[in-house]
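# Structural overview for review
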Amino acid sequence: MSRDELAAWLRLLLTPGVGPEHARRLLSAFGLPEAVFEQSIDALSAVVSGRIAQSLQTPPDDLEPQLERLMAWLAASPDRHVLTLADPRFPPDLLQMADPPLLLYVQGLPEALSHPRRLAIVGSRNPTPQGETNARQFAFALGQAGVCVVSGLALGVDGAAHTGALDAGAPTVAVVGTGLDRVYPKRHLALAHRIAAQGAIVSEFPLGTPPLPAHFPMRNRIIAGLSQGTLVVEAAVQSGSLITARLAAEQGREVFAIPGSIHAPQSRGCHALIRQGAKLVESAQDILEDLRMAEAPAATAPDTPTRPDSLLDAMGYDPVSFDALQARTGLDTATLQARLLELELDGDVSRMPGGLLQRTGQS
């Protein structure tokens, strides 16, 4: 995109009073932003108010500084991109939204936004230890099955989901509520670097935008819009994760929820979703089958025999429950039981009290 084209998009977004809704109406009426600024006040007034039409006649005072800042940011790395609605790389699924972002800032791989298999994993910023483990294990299993995990880079479930996908060698997309020249929360700086190298960080907010509370519901609609389904791991009844789930349902996307203890406040949001029609899931395989992703290339796909050493890698060296191992591998119950029996006969796995499994072999 040329400097002049980018300047026109920025000018449209920065013009006082325009906002995303009016901008979309102007683009629908006149085409690209350059064409909008070629119109007379009378023509513009037929689409927006006379006050906004008058504002469109003069470039905003902060246009040039914003443009210089953006051009410098783009020039600093080949992994930085700006995608407009007119860019062929703009995610097609976002174009189907009622309120798509006009412009996306991307750091990393733009193609990750249009990955053929995308699932959002969201949940509490203060999950239980089990909830955090579930998020990481589900993301790991889904990543191994060829799914790109989408989340919001927040503490708790979001961070665990991104980490699980990265550990599986899969791409992951973080949609953030700040400008891309800052990382929020700061403790996720190293994680953000990993995501940008293996997937993408994306925002609709200009450089320099701080983490304002109103931005996160806006971010959530993009998380839902980018994904073919949304998994809620843990969430309180009043939470941003339930906003994401509602937006996903409104866009015709599947919503999944992991049940939890009836005594845990973090489970009540998931239970509410299930009562409202979200699909209860107990393993990554439930999601893969429902979204018809099971045929994705994966070392542990159900129709592909799992090598014993691959299953041992999934087990690790600490005791693990059958359910947790199923979430990590994505295997159906019968297949996993058969693989475990094979490893037991070889002396590589032993059963422990409480239904836990222990790796004993040295492979």
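Refer to the structure above for everything that follows.
Attention here is on the structure that accompanies the text. (Residues numbered from 1 in each chain as written. Predicted model: local features only at pLDDT ≥ 70, side-chain atom pairs only at ≥ 80, totals over all residues. Heavy atoms only, no water.)

### As for the overall build of the protein
The helix and strand tally for the protein stands at 17 helices and 12 strands. A burial count over the protein gives 53% of its 363 residues as buried. Contacts spanning at least 24 positions in sequence make up 70% of the contacts within the protein whose residues lie at least 6 apart. Split by element, the accessible area of the protein, about 15900 Å² in all, is 53% carbon and sulfur. (Helix = DSSP H or I, 4+ residues; strand = E, 2+ residues; numbered from the N terminus. Buried < 20%, exposed > 50% of the residue type's maximum accessible area, 1.4 Å probe, protein only. Contact = heavy atoms within 4.5 Å. Areas by Shrake-Rupley, 256 points an atom, 1.4 Å probe, with all protein chains shown as cover.)

### Observations concerning the sheet that holds strand β5 (residues 172–175)
Ordered in space as β1-β2-β6-β5-β4-β3-β7-β8-β9, the 9 strands form an open sheet in which the pairing is mixed. Each having just a single partner strand, β1 (80–84) and β9 (279–280) make up the two edges of the open sheet. Where strand β2 (residues 103–108) lies against strand β6 (residues 200–203), 4 bridges are found, and the strand directions are antiparallel. In the strand pairing of β6, Gln107 is matched with Ile201. Against the sheet, helix α13 (residues 265–275) makes contact with β7 (229–232), β8 (254–257) and β9, and its axis sits at roughly 135° relative to β8, the strand it touches most. (Pairing = 2+ DSSP bridges. Axes fitted to C-alpha atoms, helices over the stretch in contact; angles between N-to-C directions.)

### What to know about helix α10 (residues 189–198)
Three or more residues of α10 are buried, namely Leu191, Ala192, Ile195 and Ala196. When α10 is viewed along its axis, its buried side chains cluster within an angular range of 135° and face the same direction. Set apart from the buried face of α10 by more than 90 degrees, the exposed residues are Ala190, His193 and Ala197. If you follow the buried residues of α10, they end up packed against β2, α9 (157–167), β5 and β6. (Arc of directions from axis to C-beta.)

### Focus on the packing of helix α11 (residues 215–226) against helix α12 (residues 240–250)
Contact geometry of α11 with α12 gives a least axis separation of 8 Å together with a crossing angle of 45°. With respect to each other, α11 and α12 are oriented oblique. Handedness of the α11/α12 crossing: right-handed. In this structure, α11 uses Pro217, Asn220, Arg221, Ile223 and Ala224 to contact α12, whose residues at the interface are Gly240, Ile243, Thr244, Leu247 and Ala248. (Parallel < 35°, antiparallel > 145°, perpendicular 65-115°, else oblique. Left-handed = near helix turned anticlockwise from the far one by under 90°.)

### With respect to the pattern of salt bridges
Applying the stated criterion to the full structure yields 11 salt bridges. For Asp181, the salt bridge identified is with Arg69, shortest N-O distance 2.9 Å. Note that Asp181 is positioned in the loop between β5 and α10 and Arg69 in helix α6 (residues 63–75), a separation of 112 residues in sequence. On the basis of relative accessibility, which here comes to 42%, the residue Arg69 falls in the partly exposed class. Through salt bridges that share partners, Arg3, Glu64 and Glu68 make up one connected network. (Salt bridge = Lys/Arg side-chain N within 4 Å of Asp/Glu carboxyl O.)

### Some remarks on the packing of aromatic side chains
One pass over the structure, following the stated rule, counts 2 aromatic pairs. Seen in terms of ring centroids, Trp73 and Tyr105 are 6.4 Å apart; in terms of plane orientation they differ by 75°. Their pairing is edge-to-face. Of the two residues, Trp73 sits in helix α6 while Tyr105 sits in strand β2, which places them 32 residues apart along the sequence. Here Trp73 matches Tyr105 in class, with each residue buried. Considering the side-chain rings of Tyr184 and Phe216, the 6.1 Å spacing of their centres and the 50° angle between planes classify their relative orientation as tilted. Pair noted here: Tyr184 is in the loop between β5 and α10 and Phe216 is in helix α11, with a separation of 32 residues, a long-range link. Overall, Phe216 belongs to the buried group, its relative accessible area being 15%. If you follow Arg11 out to its NZ or CZ, it ends over the ring of Phe37, 3.9 Å from the centre. In this structure, Arg125 is placed above the aromatic ring of Phe216, and the distance from its NZ or CZ to the ring centre is 5.8 Å. (Phe/Tyr/Trp six-rings, centres within 6.5 Å; stacked < 30°, edge-to-face > 60°. Lys NZ or Arg CZ within 6 Å of the ring centre and 35° of its normal.)

### Concerning the nonpolar core
Core analysis: the biggest nonpolar cluster contains 39 residues, and Leu12, Leu26, Leu56, Leu70, Tyr105 and Ile201 have the highest contact counts within it. At the level of elements, α1 (3–14), α2 (19–30), α5 (50–55), α6, β2 and α10 are the ones that each hand at least two residues to this core. (Core = buried A, V, L, I, M, F, W, Y, C linked by side-chain atoms within 4.5 Å.)

Treat this as a map of the structure, not an account of what it does.
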